[in-house]
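Below, each chain spelled out in residue letters.
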Amino acid sequence: MTAAVQTAGLGKRYRRSWALRDCTLSVPAGHVTALVGPNGAGKTTLLSLVTGLATPTAGTAHVLGAPAGSTAARQRAAFVAQNAPLYPQLSVADTLHLARNLNPRWDQPQADRRLAELGIPAGRRVGKLSGGQRAQLALTAALARRPELVILDEPMAPLDPLARHELMATLMASVATDGLSVLLSSHVVSELERVADYLIVLTGGRVQVAGEVEDLVTGHRLLTGPAREAAALADRLPVVHTRQAGAQAHLLVRDGGPATPPGWAGHPVTLEEIVLAYLREPGVTALPGPAPVDTSAGVAS
């Protein structure tokens, strides 16, 4: 099966500094993929390379089997940049008219229906819309292109909780009805846990975690026990992060190792706990095996 996004040794350097380095991923199609990391981690750089807005210093990137930035990739994928850049002096209707003229695949009835459902007047100037309405307009324009993949860079960053909820509801409705693949960069881990089924964590320009959310959650556990035994235990187990509170230690470990040691208790973990643990320990990685991809793309798994 063709991957939604496939990268091999992808990297981008600005002068002497690498914004992204040795990024090898196979993001499966048909998933909502969350891209998570702190500021400066390389998320926007990765999305710029995948969308063809930047040229890699090293490696390759393919989108739905086509080289990133190629006509074939651009026609099948839609990108919504951070802060939804739109022309504030144009009306909503003029914005969609401009987008329609720039895109050969365009579904005007779908765009009109979404605006009506969202209560966004076609005659209102973009500059007079709320932040949530502007984000919805940008997403509406992206979805009207009938893409197979939608890529969003921090679309929820400037929005209040209600606007974030409404934006995600719109996106997930399209995922359910149209079978979209989604690659979504965001800081809001708690909200991503409700919608994402694949996760990528970037820190320091490198991939730390990539895999199915369900596998990652079931593949990690939290061990709680005496702090005096933590160091010795960490030598024997695949520990991701250690936290000590007085005489008690909390170790987040990757499962598959020995059973829970005597005197220790094992607990399930949430996606947010896993993400925070890998962000705090950027030298630790947990990468899955290669996903099935379309080898005609010429990119190794």
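Reference entry: report on the structure contained in this document. (Residues numbered from 1 in each chain as written. Predicted model: local features only at pLDDT ≥ 70, side-chain atom pairs only at ≥ 80, totals over all residues. Heavy atoms only, no water.)

**Some thoughts on the overall build of the protein**
Helix and strand content of the protein: 10 helices and 14 strands. The C-alpha atoms of the protein give a radius of gyration of 21 Å, which matches the 19 Å a tight globule of 301 residues would have. The principal-axis extents of the C-alpha atoms in the protein amount to approximately 65 × 45 × 40 Å. Buried residues in the protein amount to 50% of all 301 residues. For the protein, contacts bridging at least 24 residues in sequence account for 70% of all contacts bridging at least 6. When the accessible area of the protein is evaluated, it comes to approximately 14000 Å², of which 52% is carbon and sulfur surface. If the 27 positive side-chain charges of the protein are averaged to one point and the 24 negative ones to another, these points end up 9 Å apart. (Helix = DSSP H or I, 4+ residues; strand = E, 2+ residues; numbered from the N terminus. Rg over C-alpha atoms; globule rule 2.2 N^0.38 Å. Buried < 20%, exposed > 50% of the residue type's maximum accessible area, 1.4 Å probe, protein only. Contact = heavy atoms within 4.5 Å. Areas by Shrake-Rupley, 256 points an atom, 1.4 Å probe, with all protein chains shown as cover. Lys, Arg positive; Asp, Glu negative; His and termini not counted. Charge placed at Lys NZ, Arg CZ, Asp CG, Glu CD.)

**Things to note about the sheet that holds strand β13 (residues 248–254)**
If you walk across this open sheet you meet the four strands as β12-β13-β11-β14, and the pairing is antiparallel. Looking at strand neighbours, the two that pair on one side only are β12 (239–245) and β14 (265–267), the edges of this open sheet. The average undirected angle you get between the axes of adjacent strands in this sheet is 20°. (Pairing = 2+ DSSP bridges. Axes fitted to C-alpha atoms, helices over the stretch in contact; angles between N-to-C directions.)

**Some words on helix α3 (residues 92–102)**
In an α-helix there are 3.6 residues to a turn, and that puts residues three or four apart on one side. Of the positions making up α3, those classed as buried are Val92, Thr95, Leu96 and Ala99. Summarising the axial view, the buried residues of α3 lie within an arc of 95°, below the 170-degree limit, and thus occupy one face. Contact partners of the buried residues in α3: α4 (108–118) and α5 (131–143). (Arc of directions from axis to C-beta.)

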